[in-house]
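# Fold and contact review
Listed below, chain by chain, are the residues.
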Amino acid sequence: MDGRTAAMFPFLKGSGQYASEHGPDIETMLTSSLYEPARQRGLDRVLGAIRNHTIEPVPLVGSDADWLCLNEVLSYPYARILVSCVNDRLLTRRYALAEAEHMNTLLNDVKSAIPVIVSEMEINAKKGEKGIMNMHFADYLRYSYVMKATEWKLINMDIRNGYVRLTDDKFIRLLQNAYRSRLESELPLPIPDGVRALVEPETEIVIEELGKMKNRLSPTGGQEVKDEFLPPCIRTMISMAQSGQNLSHNARFALVSYFHALGMTYDQIIAVFAASPDFDESMSEYQIKHITGELTGGDGYTPPECATMMTNGICYEPDQLCEKIKHPLNYYRIKSGNRGNGPQNQS
């Protein structure tokens with residue numbers, strides 16, 4: 001594999017071979033001042049993912065193109081080392097998305113790499129006529145399930161002999177999903193203690209930036225939860241729980257997921273339910289840790305939208321602000337003045 005292709009798609013096996021043939025051993029890469037640009041680029045990959053889930057492209061041309069390509073190739077495993085050392089689920093997902101979107105951008109300009117990527121990802125697909133790609137419907141379903149637009153529904157696709165016919169841009173979009181999924185499943189990597197010690201300064205930078213991002217996305221801005229900013233539905237359910245009334249399953253789920261989104265700890269959450277007449281600490285512990293993702297190692301469930309709350313009969317005493325929003329987390333954001341770009345920041 002040539003250096004430019006290896007640099008653009010560093011996750012391919014050929015890129016690893018390129019690094020082995022032209023690059024240093026792992027210790028030299030981590031310690032030599034010669035490879036400081038590669039390490040900095042690796043750190044920038046992770047920081048870019050945290051800040052705006054984007055990996056900025058770098059020029060790979062000029063008299064020193066070979067050196068630039070090698071640094072780009074080496075920056076990829078270094079970035080994966082940093083992400084693995086931090087071992088935060090949100091960071092892993094954000095980094096995987098950034099790398100996948102970066103691949104998407106590059107593939108739209110260098111479509112010649114598509115067959116290699118398809119082969120290495122073991123996707124059942126083949127090239128059709130006139131810019132059409134064909135993906136087996138089973139793989140199509142596997143990689144399109146996150147696409148919510150009607151146009152991606154299988155019933156709206158052109159299927160022939162079990163294969164979904166796709167334009168290049170849609171096919172590449174599904175490759176993005178496939179790569180993102182694979183990268184998430186690969187991380188974190190097992191990192192030896194010696195390597196962890198060498199990258200600790202950069203790891204601390206990543207942790208600090210990740211903390212800032214979490215505070216920015218949090219409805220509370222990382223501050224203590226204040227009752228006066230809670231929406232009427234949540235305040236009513238808290239009052240019901242603390243007065244000893246039984247809460248429905250939907251109400252319990254809404255409360256726990258909402259508290260978790262606000263950054264409340266397990267102890268803070270379970271204390272709300274302690275006054276319920278049917279309170280069972282062991283059962284409540286299981287339910288809370290399942291909803292918050294502590295049992296599964298994930299990020300936990302997102303609180304239901306206002307429309308879902310209404311359908312479930314737990315939209316209590318809506319006020320004028322409730323009429324202007326679509327998600328109860330936005331109530332807290334607006335009331336507190338913290339209008340960050342959170343995952344549910346829609347009104």
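One can find the structure itself at the top, above this paragraph.
What comes next is a walk through the structure. (Residues numbered from 1 in each chain as written. Predicted model: local features only at pLDDT ≥ 70, side-chain atom pairs only at ≥ 80, totals over all residues. Heavy atoms only, no water.)

## Some points on the pattern of salt bridges
- Tallied over the entire structure, the rule returns 17 salt bridges.
- With a closest N to O distance of 2.1 Å, Arg142 and Asp139 form a salt bridge. Residue Arg142 and its partner Asp139 are both found in helix H8 (residues 137-144); the two are separated by three residues, about one turn of the helix.
- Sharing partners across several salt bridges, the network here consists of Arg41, Arg45, Glu72 and Glu99. (Salt bridge = Lys/Arg side-chain N within 4 Å of Asp/Glu carboxyl O. Helix = DSSP H or I, 4+ residues; strand = E, 2+ residues; numbered from the N terminus.)

## Remarks on the sheet that holds strand E3 (residues 159-160)
- Read across the sheet, four strands follow the order E1-E2-E4-E3 without closing on themselves; strand pairing throughout is antiparallel. The open sheet terminates on both sides in strands that have one partner only, identified here as strand E1 (125-127) and E3.
- In this sheet, strand E2 (residues 132-136) lies alongside E1 in antiparallel orientation, the contact comprising three bridges. Note that in E2 the partner of Ala125 across the bridge is Met135.
- Against the sheet, H8 touches E2 and strand E4 (163-167), its axis set at about 90° to E2. (Pairing = 2+ DSSP bridges. Contact = heavy atoms within 4.5 Å. Axes fitted to C-alpha atoms, helices over the stretch in contact; angles between N-to-C directions.)

## What to know about a nonpolar patch on the surface
- A cluster of nonpolar side chains, Met283, Tyr286 and Leu295, forms an exposed patch at the surface whose accessible area comes to about 330 Å².
- With respect to the element layout, Leu295 can be found in the loop between helix H15 (281-291) and helix H16 (306-311).
- For Leu295, a relative accessible area of 46% corresponds to the partly exposed category. (Patch = residues over 30% accessible without salt bridge, like charges linked within 9 Å, V, L, I, M, F, W, Y side chains within 5 Å. Areas by Shrake-Rupley, 256 points an atom, 1.4 Å probe, with all protein chains shown as cover. Buried < 20%, exposed > 50% of the residue type's maximum accessible area, 1.4 Å probe, protein only.)

## Some thoughts on empty space enclosed by the protein
- For the structure shown, the criterion picks out one cavity of 30 Å³ or more.
- By volume, the largest cavity amounts to about 30 Å³.
- Ranked by residue count, the leading element in the lining of the largest cavity is helix H6 (residues 89-107), at four residues.
- Taken together, the residues of the lining of the largest cavity sort by class into six nonpolar, one polar and two charged. (1 Å grid on protein atoms, 1.4 Å probe; cavity = no way out; pocket = protein on both sides within 12 Å on 5 of 7 lines; lining within 4 Å. Points joined across faces, edges and corners; volume = space filled by probe spheres on them. Nonpolar A, V, L, I, M, F, W, Y, C, P; charged D, E, K, R; others polar.)

## Quick word on helix H4 (residues 36-52)
- Taking 1.5 Å of rise per residue, 17 residues should cover 24 Å, and H4 covers 24 Å from first to last C-alpha, within 8% of that figure.
- Along H4, the residues classified as buried are Ala38, Arg39, Arg41, Gly42, Leu43, Arg45, Val46, Leu47, Gly48, Ala49 and Ile50.
- Two residues or fewer after H4 comes His53, characterised by a positive phi angle close to 35°. (Expected span 1.5 Å × (residues − 1).)

## Things to note about the nonpolar core
- Core analysis: the largest hydrophobic core is formed by 68 residues, its most contacted members being Phe9 and Ile117.
- Top element by residues in this core is helix H5 (residues 65-86). It accounts for twelve residues.
- Membership of the second largest hydrophobic core comes to 27 residues, among which are Phe229, Leu247, Phe259 and Phe273. (Core = buried A, V, L, I, M, F, W, Y, C linked by side-chain atoms within 4.5 Å.)

## As for the packing of helix H2 (residues 13-22) against H5
- Orientation of H2 relative to H5, taken along the N-to-C sense of each, is 120°, at an axis distance of 10 Å. Overall, the two elements H2 and H5 adopt an arrangement that is oblique. As H2 runs across H5, the sense of the crossing is left-handed. Contact residues: Ser15, Tyr18, Ala19 and His22 in H2; Asp66, Cys69, Leu70, Val73 and Leu74 in H5.
- Looking at the contact of H2 with H5 residue by residue, the classes come out as six nonpolar, two polar and one charged. (Parallel < 35°, antiparallel > 145°, perpendicular 65-115°, else oblique. Left-handed = near helix turned anticlockwise from the far one by under 90°.)

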